[in-house]
Structure formats: C-alpha cells, structure tokens
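Commentary on secondary and tertiary structure
As a plain string of letters, each chain reads:
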Amino acid sequence: MSETGLLHEQEITIVGAGLVGSLMSCVLAKHGARVTVIEKRPDLRHTDLSGGRTIAMSLSHRGWLALRSVGLEESVRTGTKPKHSRCVHLADGTERTQRYGAEGEALWTVNRKDLNCALVDCAEASGRVEFRFETECERLDEADRTLHLQGDGKSSEHTFDYLIASDGMNSAIRRKLVSDAALEDEIITLDYRYFELTVPAKADGTHALPSECVHVWPRPEGLMVALPNLGGTFTGTFFYALGEEDYFGGQLTDEERSRRFRFAFPEIVELIPDFEHELRTNPASDIKAVRCWPWQVSRRVLLVGDACHAIVPFYAMGMNLGFEDVTKFEELLESAGGDLETVFERFPEVRRPDTDAISDLSLQNFVSIGRSTDPEYQQRWELERALWELFPERWTPLYPMIHFGHHPLSDVIRRQAVQKKILHRLMAEGVDATLEATALADAARGAVEAELTRLDSDHRAVG
Ligand SMILES: Cc1cc2nc3c(=O)[nH]c(=O)nc-3n(C[C@H](O)[C@H](O)[C@H](O)COP(=O)(O)OP(=O)(O)OC[C@H]3O[C@@H](n4cnc5c(N)ncnc54)[C@H](O)[C@@H]3O)c2cc1C
C-alpha cells in the first residue's frame, strides 16, 4: 500500500475493530493518518473465540473492490471458494438450481475470523495503526471529544480529534448519541429468530453436499440455509417465525423442538450426527435491522457499517455494504482533498439512499427465498435470465445487480421495480423462458424498450 499523504499525521480514533473498522483503519493509514482502534474483544489473532458469530461469510463484488484498494484482494482470494448458484431443496426430495449470475460470477465464501485477522495485520503493517484490544468504550462525551474506556480492570479517558464508530449493530456510540438527542434510531426486529447448526465434513474431509452452491430448504415450518465453509463443513442457519406461527418457540421442551425439526428437515438431521447437542447448545438470535439519522455529529463523529445501517442477512450484504462504505469514504476523501470535516458531513448524504435501498431489498428477499419452491418463482427466475441474454445492454437481473456490480443500490431498486413490472406483464401474457429466442425477443422487446429506455444508463457495467 503506497501512502498518499492526504491525511498527513491526522489523529483519528475508531471504536470497533470488526470487519468494517479494521478495513477503515487500513484506508486511513494509507492516506497518512495515525489511527487508534479501540476494541472490546481480545485480539482475534491470538484467540479461538469466534464471538458466537457466523463463520462463513459471502463476499461479493462490492466487498472485493474495497479489499483491492488496500492490496488484500489477491491474498484473501486464495482462502475462499466460489458459490455460483442457489440449490433449492423441495419437500419431495427434488432440487432446483438457480444460477446467481453470468458465467464466472460467484459469491465467495470467506472465513470471518481469517478476514478480520488479515485486515488487522494489514493495518498494523502500515506502522500507523495502534489496536487497543480488550478495551471497551463505555461512554462518549461528544462535547469534550472524550471516550470513557474500561480495560484491564481500569477506567481511562481518551480524547480524539475525529471519531469513527464502527462498533456494530448494538453500537454504544449510537446509543449515547440517541440519548443526547443528537440522532434518532429505529431498530426493526423481525417476527423471526434464527439459530445455527454445523453440518460436519464427511470422513474424507469433503463437503456432505455440493459446495459450489448455497443450499436452501424453504418449508412452512421455517427456512433452512446452508453455506459451505472452507474445510468441508457447512454453516446451517435456521430461520423460524415467532407469534402465532411459532413452531420452534421458547416454551417448547428440547425434546419437542427436536421432534419438530426432525419432522420438517429429516434430510438435514441425517447430515448432523451431533444434532441433539447442536440444537440444545446453539443459542437463538433475533433478526434485526437498524436505521438512524444523521450518521454524523458536529463533523467530528461519524458512524459507519452496522452501527448505522445494520440490515437483515437475507442478501448476505451487511459486510459488503460496510466495505462499500469504506470505498465511498475514500472517494469522498480524495475529492475533498483530505478535508475530514467535509467528508464527515457529506458521507451520510451520499451513502444513505443506497443503504436504505439494500435494507428494503433484504427484507423483501426473505419473503422471496421462502417462495423459491413455487413453480412461478422458478419461471420468473428463468425468464429474467433469458431476457438478460437477449437484451444484455438493457436488462440485468436483480441478483447480479446487487452482487456482481457496483452501480448505486438506490438505482438498482428503481430499476428492479421497472423490471418486475415488465416480468409480471409478460408472464400474464403467457410469455416464458421456454419460448424460442426470436419469439421471446419479439414478445418482450416492446415492453423492455419502452419501460427501460427511461432508466437506461450504462447498465451492463452493473452486471
Ligand atoms: C447470520 C448472519 C449472517 C451474515 N452473513 C453475511 C454474509 O454472508 N455476507 C455479508 O456481507 N454480511 C453478512 N452478515 C452481516 C455482517 O455480519 C455484518 O454486516 C458485519 O459484521 C458488520 O461489520 P461491522 O464491522 O460494522 O460490525 P461488527 O462486525 O459487529 O463489528 C463491531 C466491532 O465492534 C466491537 N465493539 C462493539 N461495541 C464496542 C465497544 N463499546 N467498545 C469497543 N469495541 C466495541 C465488537 O467487539 C466488534 O469487533 C451476516 C449477519 C448475520 C447476523
């Protein structure tokens, strides 16, 4: 990483050395800043703790771009595996494959801890970043620009010039600013919970299911998703409804939960010899999203990543979005000639339309994945892809727009609304992907041209 000197010797404090805070520290150091990162957990590089966090993460184009800017793309890529499609397991035992993008486009499985460690190593290697692990930020005094810290059994204070809060969904900095009435937040808690189950590797160390796809089992009882890890295991995540439809709720005995899960997902239980232990010991978590506004105070304190825009995990985009925050921050920094106050002021305005868009899309995708067993869903999926092949300059399906492009997500949601309307109209007219290409092009051209001309921009760059 070559230094630019844009932030020559500026002192910046970050709270939270998760994925986003660690990446941000690399970028700030690249521009010549001196960075202190305060992190409540121990140094991940010297501990086995996963912090109860999902170990397999899907990294896509927006995330890769950010890693490229700090020179980590190549080294991280060596430890990852591509996933090209979703494999939908139907209740009758058959499967449907839904390809995510064009040939060669994939989501990449990366180990959360390895990635976080690589980012911390990269930041330290700059010689400009100091990590203070096992130090919790208990309180922010924004007026005095002081953080009250607790670490090693002692309280201390830390003053800052500029503060970036990347302390995650439950951000202490955000909560303090809310209590000071400096900003407002909204926590959206879904009527669903999830718990994780590990599908172990087979005796020969290989995956028990094909590892180049994400496996989903949509059932009336809930949605099971299995993401391949490196090393032969899968992280299974089971999402289930609360309220009246609550099938796995807190009042049930372990035996009853086990009986119900076995009934709904016998094929998954077969893959997990330790199933009873997993079910009893893996805690269930809420599914939450966070919105807040404004993301900055006094042009000196700025929130990024999950701290200001945590989203539900149904597009596997939270980390990618947080990484894109860092890319956008860097673009603004360069265009503002290193003037941090301008960047802190502009960043939220520039960024929020995109984070709101993917937040909405992620909520919609949960409903959508639940319907992925419907023949109509499959028909629509195939029609979208057929139109992509016929009109590559005009049409890109939603998935590739989100994962394999870097077009602003606020444009993506607008484009998707128009494409959805066209798909509905064509399907109502009996048009589907089984039509011969010329007939399909003739049937669709009018609608595609008329509706998308207005929106047209160089959108093949999106896919
Ligand atoms: C089930 C699930 C699956 C997911 N899968 C994906 C996926 O496949 N792809 C994807 O892109 N995203 C995924 N996400 C989202 C992703 O995990 C988050 O968006 C991402 O971790 C956000 O990074 P962050 O650095 O903003 O916050 P975090 O990763 O939460 O990091 C915050 C850091 O701040 C520290 N901290 C917190 N409070 C304090 C304090 N008071 N003082 C000091 N330090 C503090 C924490 O210890 C932590 O290290 C998933 C999320 C869930 C729940």
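Residues numbered from 1 in each chain as written. Predicted model: local features only at pLDDT ≥ 70, side-chain atom pairs only at ≥ 80, totals over all residues.

Next up on the list: the pairing of strand β15 (residues 222-228). For β15, the buried fraction is high: seven of the seven residues fall into the buried class. Neither face of β15 is open: one carries Gly-222, Met-224, Ala-226 and Pro-228, the other Leu-223, Val-225 and Leu-227, and all of them are buried. Judged from the five bridges that link them, strand β14 (residues 213-219) and β15 form a sheet pairing that is antiparallel. For His-215, the partnering residue across the bridge sits in β15 and is Ala-226. In the sheet, β15 pairs with strand β16 (residues 234-241) via six bridges, with the strands oriented antiparallel. Within β16, the residue paired with Met-224 across the bridge is Phe-238. A loop of five residues connects β15 with β16, the two strands running antiparallel in sequence, and Gly-231 in this loop sits at a positive phi of about 90°. (Buried ≥ 20, exposed ≤ 12 C-beta atoms within 10 Å, placed from the backbone. Helix = DSSP H or I, 4+ residues; strand = E, 2+ residues; numbered from the N terminus. Pairing = 2+ DSSP bridges.)

As a structural note, the neighbourhood of the ligand is formed by 31 residues, with Gly-16, Gly-18, Gly-168, Gly-305 and Gly-318 the closest of them. Those elements that place two or more of their residues in the shell around the ligand are α1 (19-30), β3 (56-59), β9 (135-141), α9 (306-309) and α10 (318-335). Sort the elements by how many residues they give to the shell around the ligand and α10 lands first, with four residues. In terms of residue class, the shell around the ligand is built from 13 nonpolar, twelve polar and six charged. (Near = placed C-beta within 6 Å. Nonpolar A, V, L, I, M, F, W, Y, C, P; charged D, E, K, R; others polar.)

Honestly, it's all geometry; don't read function into it.
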